[in-house]
Amino acid sequence: MNTYRYYIFLIFLLITVNHSIVQAQDNPDALKTIIRIEDAFNNGNVEQLSEYIDNKTYFSFTSDLTGYFSYSQIYNLIKDYFEAYKAIKFSFASKSINADSPFGWGEYIYLKNGLRGSHKIFISLQSSDSKFYISQISIN
Amino acid sequence: MSDLKGKLKAQNIINNQDIYSISSRYIFAVLDEDNTIIEWSFSPVFNQNKIIDNYFRPGETYFISNSLVDYLSIYDTVKISSYTYKVVLFEPLEKNYQIQNKYYSLLSLTEHYNRKFNTNFEINYFREAVLSRDGRKHSLPILNNNNNKIGVVTFFKPTRETELQNISYNFDFTQSVLTVVLFFLIGLLILKNSITIKSRFTKFIIFAFYLLIFRYLILYLNITALTTSWGISNSKYFSSLFGNGIAGSPVELFISLIAFSVIVFLAFSYALDYFHNYNDRDSSWFTFTATSLTFTLVFILSLRGLGASVKSVVVDSSLRYYRESSLIPSGIESFMLFNVLLLGLIAFVGTVAFLLIIYTNVPNNRGRLNYFVGLFFFVQLAALVFDLIQREPQGTPFIRVLFILFTFIALLMIDKKQNWRFTNIFVYSVASSIIVILLLTQYNSLAERTSLKNTAYNLTRQNEDLLKFAVQETLVRAITDRETVQSFYFDNKNASSMAFKLWSNSILQKESLGSSVSLLDYNHNKIGSFDFRFIKEYEIDWDKYSIELSDLHEIKIFEESILYSDNKLIRGIASVEDVEGVLGYVTVSVIYDLSSLGVFDAPEFIVSDASYINDSIDFSKLKIFDFHQGTLINSISNYNLGENEIISILDAPFNQYGEAWIKFEINNEDHLVFILKREREGISRVIVIALQEKDLSWGLFDFFKIFFVHILFILIAFTIYFSVFLFKYRKIKLSFAVKLLLSFILISLIPLILVSFFFRNITSEKNEYAIEYKLEKRAVSISNYLENYSVKSSLNLNTAADKAKNDLGVDFTLFRGSRYILSTQNQFYDVGLIPKIVNPVAYQRLFSHGLTEAIVKEKIENYSFNSFYYKTSLFGEYYVIKVTDGFNKIMLPLSGEEVDVYIFISYSVAMVIILILGFVLTNQFSKPIESLKNATRSVASGDLNVEVKATSKDEVGELVKGFNYMVKELKRSQAEIAEFERETAWKEMAKQVAHEIKNPLTPMKLSVQQLIASYNDKSPKFDQLFGKVTNTIINQIETLKNIASEFSSFARMPNPKLEFVNIKEIISDSINLFDDERITIDVSGNDYNIEADRDQLKRVFINLIRNSIQADADNIKIKIEQENELLYIIIKDNGKGIKTEDVDKIFEVNFSTKQYGMGIGLSMAKKTIENIGGEITLKETNNEGTIFQIKLPLV
């Protein structure tokens, strides 16, 4: 009896793992990209993030920093953001890697003037030339 | 408060105009003994019974809040006659909401202290607030003027880390500034010691290197952090990754351009010197070819660099110079336009320097013009070939050709003029401005194309995920906000205001999503809400969800379909709890509308700027069409697409990303059209964005708008320069031509400006009248509609009002007396954004002055609009109907902005015509004056052969004729006087000689006669007498010899006064006497000192120059060279030369080829040179010119 349960468990495990692998293989690039972006925000690393910035990206932060910006502008805006709000921790609380527009959002914990705070960050991706780029960053 | 009380006592309370002067800063209200508001300022935002906190006594300050805004308040009583009134004043301190658009202005005392003390402050504006027990914070009570607690302020204790960070920051900054100062002083030291470096090229390299290091030092030390609060260091306005950050923001770009401009101007002055020193030398063909190829390539690369830089200014910036039709650019736009002008000037001056170097090395100076033309075509051809091989050429062929043309004109200006003239700098600046504006215009057109694409993507950007995130984020914020909890506790908290506050601080407002935020009590009854583009039918139905949500302790998000629509609602709900349990609920609903085309049905003051995300074009100029499954379901346009147009859209050649570009006509006007095809949720959607191509008038407007800004910068620079010049030299020299031109411009400008103002004012008045008329019509229609319904049906007032709005399409508000009854846009009244009371000025006119209508200007935030108040009788009572153009825009035939555009275009064209005509006329009028001036100088220097041509028959022509006659008479008189003097001198001399000779001859004759007599008489004293007579004769002969020597000395020239003189200075002084602009006299070579008579030497050069001019030369080159211990001065002209038969005689006395020549010029010159140990020789002469060489010993 125990052996049967063991086999059933194994089969169940195999199916689950396979499903995960299949799911991951559905959009492995999107998942990789999301993870890399999460890591970049976690470390406040603008260079790493810049690999996924396209030439026209929607960026929304404060009231006067909202709109479509070029690569150079986004690079410097995010650089300024990381300098003003030093990264302590970031992780995606929710992410989706469906084929159309992968996205994720999470809480970015920062240190500013010795005090901690947090911003909610929403990021969506778009595919271009078989690579995923950030189409939108909203910081609130 | 004392001031207000004084004003009230001085006049009646009612109709008191003086008290409104306080309204700009404070909000006030006056209550009668029944606590009824009888006088109020422009924006009271309190209901009657909540206006005073009776806990505090009169004269005490306290905090009071209406959820949207926290105020500092005070009330007092004032007794007038036998009545006691209460006067209340409010000063707003903190806005608790924010609207993301240009009309919103932040007001936050907390934020002010956060910035000031660099820590987090929290202010609780109510007296019951408790002090914080958080050990990390200081918490203090806020006391009023009576030492009563009115609030609490809490802030984080400065941590050691923060303090150290602050100290470190200040220290670093001081260190940086000191480093920059030190480096600057090093630069001054280098400048001082560079005088010993002979090579200009080496000096240039050292300075260029120094400036580059200085530039990177400023970047590395982050000195521009000083400008953070000015916005010019904000990367959003401009940011490029070029040079590792030296163009990372507008201010960084500015500093880099200043450094580059200094380098380029140094290089230019080096090239200029090189040109002046070596341009008359024939170079080898190899040198010419090598410099041509090298510097042509550098020229073309510079032009490409300029194009790429201007493109970056457009693409890497959020500034859009052509989007608004406003004439006056903002501060940051002006700053960037100045940077663009500097860019153009650097490129222009640099490329002219390259051309100078090429042009200096022409192989044959005699055919310079041919080389000039050849070089021009060569550079044009090379640039064309370069562009053809580029994948993406920068600029257009027209700009390329124009740029090269301008640079060659600049080269010609330098070749023709000796000195670096002021006009050159002005011309270069204007030429640079024209080029960069053309580039800006071209790249802006590309940006407009891109922005069509962005608009299409933005309209399809919203997806379910974003909306769910928006709902989630709003709910999280709501349940963690202390004030949300309080709104359930305190009755005086306005729950609708709370809902608005939650909505405005969330992504819902930022994205202008059709949404609703509601607060529900414990029993799920709505206690307050705020809706934005959200119809009542979409409100949450608790009966449907009550079972699932009754025991809710977490955030729940779910979807709900909308009947008969592809749209759906995304809802979220969360419970608001405290230690006692659930107090109530917050719900957020968002409409997921696949066919949304943006926000056009909402008032402008509440819509986020982000929703007009087309960054290059005014959104209102776009025509947008939305197709679902091939059928047009929505559009923003006055135009209906025809069948053929729909077919061409749906069959457009889409690329792999579903994008297509086409062109077609709409209303007989060409339109550029971008089409985006997307599949979402199984629905095929095609978005069409069309933009009308700009016509000539708009093109001109765009060009001149920026051109005049550039001209202003150039004039400011020149004014600063002239001011310094005036300060230094105490005078400004303006020529007659310039004064005349300035007078023309001034006289033409005044009527133009007057006409512009007049036209503008007339249009404004007409527009105001049109607005009043239209608002009045609307108000009357509503009044009639409501009156009809009150008679004919049993509908209640609210229902009748909704029907009126739907049928008439106009929003309105109803007041009874001054009191608010209802509004079709009630959500803005309920939350407190618009006061629920009639405008006080309108109230006075309607109820005190007895008028039936009043129009006033009102504001929400900084959004201005017109409100029309109409007093009417409804249902047997007096009501006031208010209609505004804030909710329902009024289209005017010609707006104020459009008038500005048309006036500006006309004005610009008129200015250009005035300048061209003025320039032509000025030259015509000043030419004879200029000729007279030059002729007078020539006469003063001794040349009486001048004649000025008289081209006109007016007073100036008469003056010229008179001058010519005067010169002829002078010449004739001079010749006569010279002849007479010569004759007189000779006569006198002859008389003197005769007289002097007679004296010794007489004793000689007597002595010989005596000797003859003695010989004849055979006198014994003959021998003695013979000796005496011979002695006498010898003495007299000696006397005669002395007489002859003295006369010879008399005829000799005066002795020269020898002194050390600077040869270049003497030559310059001589040249200055010849100021005919047709004649070019170049001097090259270094300064040398020699020993000579200054005046005599000057006369030598005057003589030689005059001879050249008289030989029809218009180009004279004087070169000074040293070889060993000798100085060689070569005087070369392009005159008609000396005849071969005269060559040997030119230095002879009395030889002249001129009719009135004295024939002593060259002979005297030769004498003068020889007297100081030098030599003057004729080296070469032919029909193309003559070369004299003077050799002098150096000191």
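Residues numbered from 1 in each chain as written. Chains lettered and ligands numbered in written order. Predicted model: local features only at pLDDT ≥ 70, side-chain atom pairs only at ≥ 80, totals over all residues. Heavy atoms only, no water.

Before going further, it helps to spend a moment on the overall build of chain A. Broken down by element type, chain A carries 4 helices and 6 strands. Ordered by position in the sequence, the α and β elements of chain A form the string α-α-α-β-β-α-β-β-β-β. (Helix = DSSP H or I, 4+ residues; strand = E, 2+ residues; numbered from the N terminus.)

Here we take up the overall build of chain B. Broken down by element type, chain B carries 27 helices and 30 strands. Every one of the 1195 residues in chain B was classed for burial, and the buried ones make up 46%. Long-range contacts, defined here as pairs at least 24 residues apart, represent 63% of the contacts in chain B between residues at least 6 apart. For chain B, the computed accessible surface area is about 62,900 Å², with 57% contributed by carbon and sulfur atoms. (Buried < 20%, exposed > 50% of the residue type's maximum accessible area, 1.4 Å probe, protein only. Contact = heavy atoms within 4.5 Å. Areas by Shrake-Rupley, 256 points an atom, 1.4 Å probe, with all protein chains shown as cover.)

All names here are of chain B. Strand order in the open sheet formed by 3 strands is β6-β8-β7, with antiparallel pairing between adjacent strands. Each end of this open sheet is capped by a strand with a single partner; those strands are β6 (121-124) and β7 (137-143). Direction aside, the axes of adjacent strands within the sheet are offset by 20° on average. Sheet analysis places β7 next to strand β8 (residues 149-156), joined by 7 bridges and oriented antiparallel. Looking at β8, one finds that Ser-139 is bridged to Thr-154. (Pairing = 2+ DSSP bridges. Axes fitted to C-alpha atoms, helices over the stretch in contact; angles between N-to-C directions.)

Moving on, we get to unusual backbone geometry. All names here are of chain B. A positive phi angle, near 50°, is found at Arg-533, a position not held by glycine. Within the secondary structure layout, Arg-533 lies in the loop between β10 (526-532) and α15 (542-549). Backbone geometry at Glu-861 places phi at a positive 55°, although glycine is not the residue there. Note that Glu-861 resides in the loop between β21 (853-860) and β22 (863-874).

Take Pro928(B): it is sitting in helix α22 (residues 896-940). Here the alpha-carbon distance between Pro928(B) and Thr951(B), two residues 23 residues apart in the chain, equals 8.1 Å.

The next point concerns the packing of helix α6 (residues 285-315) of chain B against helix α7 (residues 331-360) of chain B. All names here are of chain B. Remark: α6 packs on α7, axes separated minimally by 8 Å, with the N-to-C direction vectors making an angle of 175°. With respect to each other, α6 and α7 are oriented roughly antiparallel. Residues Phe-288, Thr-291, Ser-292, Phe-295, Thr-296, Val-298, Phe-299, Ser-302, Leu-306, Ser-309 and Val-313 of α6 touch α7, and the partners they reach there are Met-336, Val-340, Leu-343, Gly-344, Ala-347, Thr-351, Phe-354, Leu-355, Ile-357 and Ile-358. Tallied by class, residues from the contact of α6 with α7 come to 14 nonpolar, 7 polar and no charged. (Parallel < 35°, antiparallel > 145°, perpendicular 65-115°, else oblique. Nonpolar A, V, L, I, M, F, W, Y, C, P; charged D, E, K, R; others polar.)

Residue and element names in this part refer to chain B. This model, assessed by the stated rule, comprises 77 aromatic pairs over all chains. Judged by centre distance (5.6 Å) and plane angle (35°), the rings of Tyr-113 and Phe-121 are tilted. Taking relative accessible area as the criterion, Tyr-113 reaches 28% and is therefore assigned partly exposed. Judged by its relative accessible area of 15%, Phe-121 falls in the buried class. (Phe/Tyr/Trp six-rings, centres within 6.5 Å; stacked < 30°, edge-to-face > 60°.)

A separate point is the interface of chain B and chain A. Chain B puts 43 residues into the contact, and the matching count from chain A is 37 residues. For the pair chain B and chain A, the two sides together bury roughly 3,300 Å², of which 52% comes from carbon and sulfur. Three residues stand out in chain B for area buried against chain A, namely Lys236(B), Leu241(B) and Phe469(B), and they jointly supply 17% of the buried area on that side. Linking chain B with chain A are 0 salt bridges, by the criterion used here. Viewed at the interface, chain A and chain B are joined by 10 residue pairs in polar contact (both at pLDDT 80 or more). (Buried area = accessible area lost by both parts, 1.4 Å probe. Salt bridge = Lys/Arg side-chain N within 4 Å of Asp/Glu carboxyl O. Polar contact = N/O pair within 3.5 Å; in protein donor to acceptor, adjacent residues only side chain to side chain.)

There is a patch of like negative charges on the surface, built from Glu665(B), Glu669(B), Asp670(B) and Asp695(B). You can see Glu665(B) is positioned in strand β16 (residues 659-666). (Patch = residues over 30% accessible without salt bridge, like charges linked within 9 Å, V, L, I, M, F, W, Y side chains within 5 Å. Lys, Arg positive; Asp, Glu negative; His and termini not counted. Charge placed at Lys NZ, Arg CZ, Asp CG, Glu CD.)

All names here are of chain B. Counted under the stated rule, the structure contains 4 cavities of 30 Å³ or more. Here the largest cavity defines a volume of roughly 60 Å³. In this structure, the largest cavity is lined by Ile-300, Leu-303, Arg-304, Ala-383, Phe-386, Asp-387, Gln-394 and Arg-400. Put simply, the parts of the chain that give the lining of the largest cavity at least two residues each are α6 and α8 (368-389). Of the residues that constitute the lining of the largest cavity, the class distribution is 4 nonpolar, 1 polar and 3 charged. (1 Å grid on protein atoms, 1.4 Å probe; cavity = no way out; pocket = protein on both sides within 12 Å on 5 of 7 lines; lining within 4 Å. Points joined across faces, edges and corners; volume = space filled by probe spheres on them.)

A few words on the environment of Asn444(B). Residues and elements named next belong to chain B. Locating Asn-444 in the fold gives a position in helix α10 (residues 422-459). Distance in space between the C-alpha atoms of Asn-444 and Val-314 is 6.5 Å, their sequence separation being 130 residues. In contact with Asn-444, other than residues within four places in its own chain, are Val-314, Tyr-322 and Lys-694.

What follows is about the packing of helix α26 (residues 1094-1110) of chain B against helix α27 (residues 1161-1171) of chain B. Residues and elements named next belong to chain B. Taken N-terminus to C-terminus, the directions of α26 and α27 make an angle of 145°; their axes are 9 Å apart at the nearest point. For the crossing formed where α26 meets α27, the hand is left-handed. Here Gln-1096, Leu-1097, Val-1100, Asn-1103, Leu-1104 and Asn-1107 of α26 lie close against α27, whose contacting residues are Gly-1161, Leu-1162, Ala-1165, Thr-1168 and Ile-1169. (Left-handed = near helix turned anticlockwise from the far one by under 90°.)

On to the environment of Thr61(B), then. Residue and element names in this part refer to chain B. Mapping Thr-61 onto the fold places it in strand β3 (residues 61-65). Between the C-alpha atom of Thr-61 and that of Asn-144, which follows or precedes it by 83 residues, the distance is 5.7 Å. Ignoring sequence-local partners within four residues, the contact set of Thr-61 consists of Phe-56, Leu-72, Ser-73, Ile-74, Asn-144, Asn-145 and Ile-150.

Residue and element names in this part refer to chain B. In this structure, Lys-871 sits in strand β22. Among buried charged residues, Lys-871 stands out as having no salt bridge; its nearest opposite-charge side chain is Glu-853, 11 Å away. One polar contact links the side chain of Lys-871 to the main-chain carbonyl oxygen of Leu-846, over a distance of 2.7 Å. Residues contacting Lys-871, with those up to four places away along its chain left out, are Leu-846, Phe-847, Gly-850, Leu-851, Thr-852, Tyr-878, Tyr-879 and Val-880.

This part covers the confidence of the model for chain A. Residue and element names in this part refer to chain A. When pLDDT is averaged across chain A, the result is 78; 76% of the residues are at 70 or more. Considering each helix and strand of chain A separately, the mean pLDDT is smallest for helix α1 (residues 2-26), with a value of 52, and largest for helix α3 (residues 46-50), with 92. Overall, residues 15-26 carries pLDDT values under 50, and its contacts beyond four positions in sequence, including any with other chains, amount to 1 contact. (pLDDT = per-residue confidence, 0-100.)

Right, let's talk about the sheet that holds strand β29 (residues 1175-1182) of chain B for a bit. Residue and element names in this part refer to chain B. On the basis of which strands lie adjacent, the open sheet formed by 5 strands has the order β25-β27-β28-β30-β29 and mixed pairing. Every other strand in the sheet has two partners, leaving β25 (1080-1084) and β29 as the edge strands with one partner each. On average, each strand axis in the sheet is tilted by 15° relative to the strand beside it, whichever way the strands run. Two elements, β25 and strand β27 (residues 1115-1123), share 5 bridges in a ladder whose sense is parallel. From the neighbouring strand, Ile-1081 faces β27, where its bridge partner is Ile-1116. Along the sheet, helix α25 (residues 1063-1071) makes contact with β25, β27, β28 (1126-1133) and β30 (1185-1193), crossing β27 at roughly 170°.

The subject of this paragraph is the pattern of salt bridges. Residues and elements named next belong to chain B. All chains considered together, the criterion is met by 30 salt bridges over all chains. One salt bridge connects Lys-95 with Glu-861, and the closest N-O pair in it is separated by 2.6 Å. Here the residue Lys-95 occupies a position in strand β5 (residues 83-95), and Glu-861 occupies one in the loop between β21 and β22, the gap between them amounting to 766 residues. By relative accessible area, Lys-95 is classed as buried at 16%. You can call Glu-861 buried: its relative accessible area is 15%. Here Asp-807 ties to Lys-803 by a salt bridge, and the two come within 3.9 Å at their closest N and O atoms. Here Asp-807 and its partner Lys-803 are both found in helix α19 (residues 797-808), 4 residues apart, which amounts to about one turn of the helix. When its relative accessible area of 31% is taken as the criterion, Lys-803 is described as partly exposed. Within the structure, one salt-bridge network assembled from shared partners comprises Lys-468, Glu-559 and Lys-568.

All names here are of chain B. The grouping of Val-177, Val-181, Phe-184, Leu-185, Leu-188 and Leu-191 at the surface amounts to a nonpolar patch, some 510 Å² of accessible area in total. With respect to the element layout, Leu-191 can be found in helix α3 (residues 160-193). For Leu-191, a relative accessible area of 46% corresponds to the partly exposed category.

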